[in-house]
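# Summary of the model geometry
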Amino acid sequence: MSNLPELEPKSVTNPPVATIASLAAHVGDTVTLRGWLYNIRSSGKLLFPSFRDGTGTIQGIVPKAAVSEEVFERVKSLTQESSIIVTGRVRADARAPSGFELDVENLEIVQLVPESAPYPITPKEHGTDFLMEHRHLWVRTPRQSSILRIRATIMRAAQEYFDTNGFVRTDPPILTPAACEGTSTLFELDYFGDPAFLTQSGQLYMEATALALGKVYSFGPTFRAEKSKTRRHLTEFWMIEPEVAFMDLEGDMDLAEAFLIHIVSRVLELHRADLNVIGRDIAKLEAVIAPSNQSVILSEATAGSESKDPDASKPSDTAQSLSAAKVEGAEGASAARSAFPRLSYDEAHAMLESAFKDGKLEAPHIYGDDLGSPDETYLSSQFDKPVMIHRYPAASKAFYMQPDPLDPTKALCVDVLAPEGYGEIIGGSQRVDSYDLLKARILEHGLPLSAFEWYLDLRRYGSVPHSGFGMGIERAVAWICGLDHVRETIPFARTLNRIYP
RNA sequence: UCCUGAGUAGCUCAAUGGCAGAGCAUUCGGCUGUUAACCGAAGGGUUGUAGGUUCGAGUCCUACCUCAGGAGCCA
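Residues numbered from 1 in each chain as written. Chains lettered and ligands numbered in written order. Predicted model: local features only at pLDDT ≥ 70, side-chain atom pairs only at ≥ 80, totals over all residues. Heavy atoms only, no water.

Scanning chain A from terminus to terminus reveals 17 helices and 18 strands. In chain A, which comprises 501 residues, the share counted as buried stands at 49%. Here the analysis covers contacts within chain A between residues at least 6 apart in sequence; of these, 69% occur between residues at least 24 apart. Accessible surface, chain A: about 22700 Å² in total, of which carbon and sulfur atoms supply 54%. (Helix = DSSP H or I, 4+ residues; strand = E, 2+ residues; numbered from the N terminus. Buried < 20%, exposed > 50% of the residue type's maximum accessible area, 1.4 Å probe, protein only. Contact = heavy atoms within 4.5 Å. Areas by Shrake-Rupley, 256 points an atom, 1.4 Å probe, with all protein chains shown as cover.)

Below, the structure written as structure tokens:
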């Protein structure tokens, strides 16, 4: 803005003496904070301005008798979200919301929000449409800031897990010549006269780099143009996708489990305060990483269905021969093993059948169909850890998934459903490694062979069994933070009806 | 794409077919421990848009627009 006041040079060049998050270590000290006015209350000759600086909030106190008339009037004139530089002494005080209070000695206004056009987001309630329209300001509120801090840790922990376990990050292109899976609706754009698309998954490219480097992962934005309008969908979202050569489906599941445990552990380690700000039930997250003998199976149906089809969860012959690779792929898994429940599709179907009979589901699950959202919600609500559903009917799954050698009508795939009804956060599979089968699958799905010649090359030259998965960051953040909508998990959500701001 | 619901003050919401209302925000006044402070006063409206029914429409009818969350699909 053009009406910014001149700053004292020292204010610009001196770093803040303290951040609000670090004030516990500065009790008794006089410090300088740089930030914004969050809210102000007054009681006659006493002012209670609350400041925020991005790391937290603290209540200041300004008795009229304690400061100059000029400073008192300046603080009194402050409007919500005016930017300030404030100096004062830190004092522990049980009456303050955070337990600490700042005895204000001096305050400089950097920019005063005009009274004629006050800050639109008040400390009172607002509707989601209004808040999304003001997302650029909404991110300033303590709750939204806490969510974004946790998101950053989840992203860092996810990369950290792969970086410290021998994976090489190889990011696939975002502009692609054709649909990766041939199923989703993609955003189309003009590429110098030719059609091109924004990527919906880097997986096919990750298979190429996995066969070059062994263990790889990618991390970046993906795009889906489907007209999905639910609390679980964004049109632009971030996905992290590992891919490992010589790893089978069982190894893939071990990897996903160790990966999730690492992420949840990091959040619990670093973000107790933020989780409290957003009101998350921390015990639910602790249950996820608790040792398996403390895992609670909430449903009788599970115990019953596990004995029905013992073969379904047995590793295939291929898997057994690859057991060394499986351990290699999921290093660290055994150290932090919490044993997420694993159900075959058949076992899950049995659970859904009995749930429907007991009136816990409105619609019956039809054997052979993919799981619907209500089905997933029911299944995940039966466990206090993420649940893995594996070996779905091949007909309902993508063309590149390896058939189960014990039952070729099933695909060697896995969906990980987050607890508390948060739905699918991970989808993975062992990939078809036979040239002939892959070619047949591409043709069966009506996909243009020419676009997949490079992908078929991966089976012509040194094909090996390999597996991987993709985790949607925003769904993981929504689950870990206990949010009811993914739009709060990303700084600027892109949804079916919103591309502003 | 389908189903359901909602659009009234800057914000959150009221208003049997019969005078357009409240709280918060803003402005003014009061208060030396406030906790989304409180108390008093003031300003603030083309009821999403276009038609229709009616003596009279925020309210009923039709179409459209915008948004929401559910299905499908997915992470």
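On we go from here.
In this section: the protein's contact with RNA strand B. RNA strand B sits among 49 residues. The nearest are Asn39, Glu101, Arg224, Arg231 and Arg475. Near the protein, within 4 Å, the atoms of RNA strand B are sugar or phosphate in 51% of cases. Within the backbone of Lys45, a nitrogen or oxygen atom sits 3.3 Å from a phosphate oxygen of RNA strand B. At a separation of 2.7 Å, a base nitrogen of RNA strand B approaches a polar backbone atom of Leu234. If you list the elements that add at least two residues to the surface near RNA strand B, you get β1 (30–43), β2 (46–52), β3 (57–63), α3 (128–133), β11 (236–245), α14 (373–381) and β17 (423–430). (Near = heavy atom within 4 Å. Polar contact = N/O pair within 3.5 Å; in protein donor to acceptor, adjacent residues only side chain to side chain.)

This next bit is on helix α2 (residues 69–76). Listing the buried residues of α2 in full gives Val71, Phe72 and Val75. Projection of α2 onto a plane perpendicular to its axis shows the buried side chains occupying an angular sector of 100°, all on one side. (Arc of directions from axis to C-beta.)

Attention shifts here to the environment of Ile20. Note on placement: Ile20 falls in the loop between α1 (9–13) and β1. Separated by 38 residues in the primary sequence, Ile20 and Ile58 place their C-alpha atoms 6.7 Å from one another. When neighbours within four sequence positions are excluded, Ile20 is seen to be in contact with Leu33, Phe51, Arg52, Asp53, Thr55, Gly56, Thr57 and Ile58.

Moving on: the sheet that holds strand β8 (residues 188–191). In space, the three strands of this open sheet follow the order β7-β9-β8, with antiparallel pairing throughout. On the outer flanks of this sheet lie β7 (175–176) and β8, each paired with one strand and no other. In this sheet, strand β9 (residues 194–198) lies alongside β7 in antiparallel orientation, the contact comprising two bridges. What sits directly across from Leu175, in β9, is Leu198. (Pairing = 2+ DSSP bridges.)

On to the packing of helix α13 (residues 345–357) against α14. The N-to-C vectors of α13 and α14 enclose an angle of 95°; their axes lie 11 Å apart at closest approach. Taken together, the axes of α13 and α14 lie roughly perpendicular to each other. Seen from α13, the contacting residues are Ala348, Met351, Leu352 and Ala355; seen from α14, they are Asp375, Tyr378 and Leu379. For the contact of α13 with α14, the per-class residue count stands at six nonpolar, no polar and one charged. (Axes fitted to C-alpha atoms, helices over the stretch in contact; angles between N-to-C directions. Parallel < 35°, antiparallel > 145°, perpendicular 65-115°, else oblique. Nonpolar A, V, L, I, M, F, W, Y, C, P; charged D, E, K, R; others polar.)

Attention shifts here to the nonpolar core. Membership of the largest hydrophobic core comes to 62 residues, with the highest contact counts inside it found for Phe162, Ile240, Phe259, Leu260, Ile426, Met471 and Trp479. The dominant element in this core, judged by the number of residues it contributes, is helix α7 (residues 249–270), at 12 residues. Grouped together as the second largest cluster of nonpolar side chains are 31 residues, Tyr345, Ala355, Phe399 and Cys413 included. (Core = buried A, V, L, I, M, F, W, Y, C linked by side-chain atoms within 4.5 Å.)

Our next topic: the packing of aromatic side chains. Within this structure, the stated rule accounts for 16 aromatic pairs. With 5.6 Å between their ring centres and 80° between their planes, Phe399 and Phe452 make a pair best called edge-to-face. Within this pair, whereas Phe399 is found in the loop between β13 (387–390) and β14 (403–404), its partner Phe452 is found in the loop between α15 (435–444) and α16 (453–460), the two being separated by 53 residues in sequence. Taking 6.3 Å as the distance between ring centres and 75° as the angle between the ring planes, the aromatic pair formed by Phe399 and Tyr455 counts as edge-to-face. One end of the pair, Phe399, is in the loop between β13 and β14; the other, Tyr455, is in helix α16, and 56 residues separate them in sequence. The pair formed by Phe399 and Tyr455 is uniform in burial state, with each residue classed as buried. In this structure an aromatic cluster arises from ring pairing among Tyr161, Phe162, Phe167, Tyr217, Phe259 and Phe469. (Phe/Tyr/Trp six-rings, centres within 6.5 Å; stacked < 30°, edge-to-face > 60°.)

In this section: the pairing of strand β5 (residues 100–111). Of the strand pairs in this sheet, β3 and β5 are connected by three bridges, and their pairing is parallel. Bridge pairing in β5 links Gln59 to Glu101. By the bridge criterion, 10 bridges tie strand β4 (residues 83–92) to β5 in an arrangement that is antiparallel. In the strand pairing of β5, Gly88 is matched with Val104.

In this section: the confidence of the model for chain A. As a general rule, the predicted coordinates of low-pLDDT regions are not to be interpreted in detail. Overall, the predicted model of chain A reaches an average pLDDT of 86, with 86% of residues at or above 70. Note on residues 7–13: pLDDT is under 50 here. Beyond four places in sequence and across chains, it has eight contacts. Low pLDDT (under 50) marks residues 294–336, which in the prediction has 66 contacts with non-local residues, meaning those over four places away or in another chain. (pLDDT = per-residue confidence, 0-100.)

Ordered by their spatial adjacency, five strands build a closed barrel running β1-β2-β3-β5-β4, and the pairing between neighbours is mixed. Shown here is a sheet whose adjacent strand axes are inclined to one another by a mean of 55°, direction ignored. Pairing of β1 with β4 involves seven bridges; the strand directions are antiparallel. The partner of Thr32 across the bridge, within β4, is Thr87.

Inspection of the secondary structure assignment puts Ser82 in the loop between α2 and β4. Classification of Ser82 by relative accessible area gives buried; the value is 0%. Sequence separation of Ser82 and Pro118 is 36 residues, and the distance between their C-alpha atoms is 9.8 Å. Residues in contact with Ser82, not counting those within four places in the same chain, are Gly35, Trp36, Leu37, Gln111, Leu112 and Val113.

Side chains of Leu175, Tyr191 and Phe192 sit close together on the surface and give an oily, nonpolar patch of about 380 Å² of accessible area. As for its placement among the helices and strands, Leu175 is situated in strand β7. (Patch = residues over 30% accessible without salt bridge, like charges linked within 9 Å, V, L, I, M, F, W, Y side chains within 5 Å. Salt bridge = Lys/Arg side-chain N within 4 Å of Asp/Glu carboxyl O.)

Okay, the pattern of salt bridges next. In this structure the tally under the stated criterion is 30 salt bridges. For Arg169, the salt bridge goes to Asp171, with nearest N and O atoms at 2.9 Å. Connected through shared salt-bridge partners, Arg91, Asp93, Arg95, Glu101 and Asp103 make up one network.

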